Amino acid sequence: MASADDGAAAAAAAAGGSPGPSKRPASPGGATDEGSKRQRLASHAAAGPSGGDPLDAVPDAPMHLLRVRGIPAWANEGFLGVRLADLVRGPMKFVLASNYMMDFKWLLSACPDLRNVQRLLLVHGERAGSAAAQAISTHVAAAGLTDKTAIFAPPLPISFGTHHSKAFIIEYERGLRVVIFSANAIYPDCNNKSQGLFWQDFPKKDAQSPQTSTFQEELDAYVRALNLPLGDARRTLRLIAAHDFSAARAHIVASVPGYHTGSSMHKWGHMRLRAILNREPPFPSAFKGAPVVAQFSSLGSIEDKWLREEFLVSLSAGRSGDGSERLGSPAGGSKGLQLVWTTVEEVRSSLEGWFAGNSIPGPEKNVGKPFLQAYWHRWGGEVCGRQRAAPHMKSYLRYRGDEVAWQYVGSHNLSKAAWGQLQKNASQLMCRSYELGVLLLPSLEAAYRASRWVGFSCTSDAPIPAAAATAAADEGASAAAAGEGQRYQPGDEPWMVDRHWSGKDILGFDIDHKHGAHYGFIDSMPWI
């Protein structure tokens, strides 16, 4: 994401730029669109194992969107149209694939190079004993990969928790690739919905590398908390220790189940976000009291007190000006806190029609709470061609006018289970779920661009030229736009997954027609 009242739409289109000053976007297809069109010079068909790396044609940007089928071609160009197959490919030695829902048969069809990996660790959140969990083992065996694959579901010590993190950690001979994104490993999520994605390649440490770095420590702590099988845990931790993360262009913001106290309270959830923002160099004074946007695809049972006096306090952290003042909370009401939540009409008219609403699980008892109604903003999506691609991304940011102070993308939805809840007079943070995301900041992006590792790739010998990286950032940043047009209008209703909505969707189906499926597709299949 990347902007404000345009909701997740304008924000998502700013994916290719770093937080900071940005320009209004040009109209899709206009003359200034040529900069985006030059970014994908090679077709995916020509970029097979012997045809070069498809990432050579993708701009060096801090955030990307997954490609969506059935939208205009311009909306899938450059950083707007990355595929998992672009990233999970090549001569991979070890892969840790983490997700909540995992259709391994589909994943193998989308990323066929997984067949050749030396060691594969699948970390999932499927319910124990469920058909979906059993199918992972069945499909691994059918592919002949049992001997080199481990399947693991992390422990969930607190009720109502989930393993919800969506990521890949991939070892190559040249380095380590880290991918953190918002999609489940299933066909409809990675083909039909709006999804955010961060990836960065990291080289092996050399004589100039620091012994450790913040990103290394963040990733190490999260992997340790997963309680992986011993052999795979040791291998993953050794890989992390052997690579240079000093030029990471993001912070990791994770949650793990537990009752976190002392210094651990600031390692996870919204308290981690608060700690990072409070340590960041002062933001420009323009961001003092600036609006905050929260965009998510699932809503837990939250109260106004938690939202404003706990969660929003973390999103409002940081210093401004000369560092002597706090950024502070935004103004009250919908101008200050903007909750981007899909309307019923946006679901009905989406690429999947009513079926898309199954992946936006907000029940009436949560979505319909009176205090939330003043904060609702539409998804939108027009600025990045995704008005019909229902959002499954989760993104949070702070902005003023056309500038963005910081931006989060990952797996955290708006819930206490995901972000955590302070307890015992704010001396303890309780999280129920495993979550994983990244926080993008101007200081980290500037440091990356000034580092010796800018443009480093695990799968290509040719780094991205500095001029191309700069152009990509300019084009991405140009999409940030703010305005008053995306607040709910009279007649807009927030989507509630357990309401029986009347009428036909854009595909001609009523809400009871089961025309879609989360499992059982392979990547070459048409949706309907």
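The residue count restarts for each chain, going from 1 along the sequence in the order it is written. Thresholds applied to this predicted model are a pLDDT of at least 70 for local features of residues and 80 or more for the giving and counting of side-chain atom pairs; totals over whole chains, interfaces and linings are not thresholded and use all residues. No hydrogens and no water enter the side-chain calculation; it runs on all heavy atoms of the structure.

As for the overall build of the protein chain
For step 1, the next point in the chain: Looking only at helices and strands, the protein chain has 15 helices and 19 strands in total.
For step 2, the next point in the chain: The buried label applies to any residue whose accessible area, calculated with a 1.4 Å probe on protein chains only, is under 20% of its type's maximum; exposed applies above 50%, and partly exposed to all values in between. Out of the 528 residues in the protein chain, the part that is buried amounts to 61%.
For step 3, the next point in the chain: By definition, residues are in contact when any of their heavy atoms lie within 4.5 Å. Counting contacts in the protein chain only where the partners sit at least 6 residues apart, residues at least 24 apart contribute 79% of the total. Only runs of H or I of at least four residues qualify as helices and only runs of E of at least two qualify as strands under DSSP, and these elements are numbered from the N terminus.

Considering the UniProt feature "active site" (unreviewed entry) in the protein chain
For step 1, the next point in the chain: UniProt positions are given in the numbering used here, feature names are shortened, and annotations may be inferred rather than shown by experiment. With numbering matched to this structure, UniProt assigns "active site" (unreviewed entry) to H164 and H392. Of the residues just listed, which span 229 residues, no C-alpha pair is farther apart than 12.9 Å, and they cluster in one region.
For step 2, the next point in the chain: You can see H164 is positioned in the loop between β4 (149-152) and β5 (167-171).
For step 3, the next point in the chain: Looking at H164, the relative accessible area reads 10%, which means it is buried.
For step 4, the next point in the chain: Among all residues touching H164, those that are not within four sequence positions of it are Y100, K394, S411, N413, Y434 and E435.

Regarding the packing of helix α7 (residues 214-225) against helix α8 (residues 230-242)
For step 1, the next point in the chain: Axis definition: a line fitted to C-alpha atoms, over the contacting stretch in the case of helices. Angles run 0 to 180 degrees between N-to-C directions. Across the interface, α7 lies against α8 with an axial gap of 10 Å and an inter-helix angle of 175°. With respect to their mutual orientation, α7 and α8 come out roughly antiparallel. Along the contact surface, α7 presents Q216, L219, D220, V223 and R224, while α8 presents T236, L237, I240 and A241. Geometric relationships in this document are graded by angle, where less than 35 degrees denotes roughly parallel, more than 145 denotes roughly antiparallel, 65 to 115 denotes roughly perpendicular, and other angles denote oblique.

Things to note about the packing of helix α9 (residues 269-279) against helix α10 (residues 304-315)
For step 1, the next point in the chain: It is at 7 Å that the axes of α9 and α10 come closest, and there the two elements cross at 40°. When the axes of α9 and α10 are compared, the pair comes out oblique. Crossing hand, α9 versus α10: left-handed. Contacts from H270, M271, L273, R274 and L277 in α9 reach E310, F311, V313, S314 and L315 in α10.
For step 2, the next point in the chain: Nonpolar residues are Ala, Val, Leu, Ile, Met, Phe, Trp, Tyr, Cys and Pro. Charged residues are Asp, Glu, Lys and Arg, and all others, Gly as well, are polar. Grouping the constituent residues of the contact of α9 with α10 by class yields 6 nonpolar, 2 polar and 2 charged. When the near helix sits turned anticlockwise from the far one by under a right angle, the crossing is termed left-handed; a clockwise turn instead gives a right-handed crossing.

Let's talk about the pattern of salt bridges
For step 1, the next point in the chain: By salt bridge we mean one thing: a side-chain nitrogen of Lys or Arg within 4 Å of a carboxyl oxygen of Asp or Glu. Evaluation of the coordinates by the stated rule reveals 25 salt bridges.
For step 2, the next point in the chain: Notably, a salt bridge pairs R174 with D461, separated by 3.2 Å at the nearest N-O pair. Within this pair, whereas R174 is found in the loop between β5 and β6 (175-181), its partner D461 is found in the loop between α14 (442-449) and α15 (466-477), the two being separated by 287 residues in sequence.
For step 3, the next point in the chain: We classify D461 as exposed; its relative accessible area is 68%.

Some details on the environment of R449
For step 1, the next point in the chain: Relative to the assigned elements, R449 resides in helix α14.
For step 2, the next point in the chain: A relative accessible area of 28% places R449 in the partly exposed class.
For step 3, the next point in the chain: In the structure, R449 is positioned 202 residues away from A247 in sequence and 8.5 Å away in space, judged by C-alpha atoms.
For step 4, the next point in the chain: At 2.7 Å, the side chain of R449 and the side chain of E445 are in polar contact. Polar contacts, as counted here, are pairs of nitrogen or oxygen atoms within 3.5 Å of one another; within protein the pair requires one atom able to donate a hydrogen and one able to accept it, and residues that are adjacent in sequence qualify only if both atoms are side-chain atoms.

With respect to helix α5 (residues 131-142)
For step 1, the next point in the chain: An ideal rise of 1.5 Å per residue puts 16 Å on 12 residues; α5 measures up with 16 Å between its terminal C-alpha atoms.
For step 2, the next point in the chain: Buried residues along α5 sit in contact with α4 (104-110), β3 (119-123) and β4.
For step 3, the next point in the chain: G144 occupies a position one or two residues after α5 and carries a positive phi of about 75°. What a helix is expected to span follows from its residue count: subtract one and scale by 1.5 Å.

Some thoughts on the side chain of D523
For step 1, the next point in the chain: Relative to the assigned elements, D523 resides in the segment after α15.
For step 2, the next point in the chain: Classification of D523 by relative accessible area gives buried; the value is 16%.
For step 3, the next point in the chain: At a separation of 2.8 Å, a polar atom in the side chain of D523 contacts the side chain of W106.
For step 4, the next point in the chain: Excluding anything up to four places from it in sequence, D523 contacts R69, W106, S109, A110, Y187 and N191.

Structural notes on the UniProt feature "binding site: substrate" (unreviewed entry) in the protein chain
For step 1, the next point in the chain: As recorded in UniProt, the sites labelled "binding site: substrate" (unreviewed entry) are K166 and K394.
For step 2, the next point in the chain: In this fold, K166 is placed in the loop between β4 and β5.
For step 3, the next point in the chain: Looking at K166, the relative accessible area reads 0%, which means it is buried.
For step 4, the next point in the chain: Those residues in contact with K166, other than ones at most four positions away along the chain, are S98, N99, Y100, V179, I180, F181, S182, A183, N184, H392, K394 and S411.
For step 5, the next point in the chain: Within the structure, the side chain of K166 is placed 3.3 Å from the backbone oxygen of H164, a separation counted as a polar contact.
For step 6, the next point in the chain: Within the secondary structure, K394 is located in strand β15 (residues 394-400).
For step 7, the next point in the chain: K394 sits in the buried class, given a relative accessible area of 0%.
For step 8, the next point in the chain: Sequence-distant contacts of K394, defined by excluding residues within four places in its chain, comprise H164, K166, S182, Q295, F296, S297, Y408, V409, G410, S411, H412 and N413.
For step 9, the next point in the chain: A distance of 2.5 Å separates the side chain of K394 from the side chain of S297, its partner in a polar contact.

Here's the deal with the nonpolar core
For step 1, the next point in the chain: Working definition of a nonpolar core: buried Ala, Val, Leu, Ile, Met, Phe, Trp, Tyr and Cys residues. They are joined through side-chain atoms within 4.5 Å. Within the largest apolar cluster, 49 residues are counted, with the highest numbers of intra-cluster contacts made by L121, F215, L219, Y222, L228 and F245.
For step 2, the next point in the chain: For this core, the element with the most residues is α7, which contributes 6 residues.
For step 3, the next point in the chain: Non-local contacts of F245, meaning those with residues more than four positions away in its chain, are made with L176, V178, F202, S213, F215, Q216, L219 and I240.
For step 4, the next point in the chain: One finds F287, L372, W419 and W501 within the second-largest nonpolar core, a separate group that totals 46 residues.

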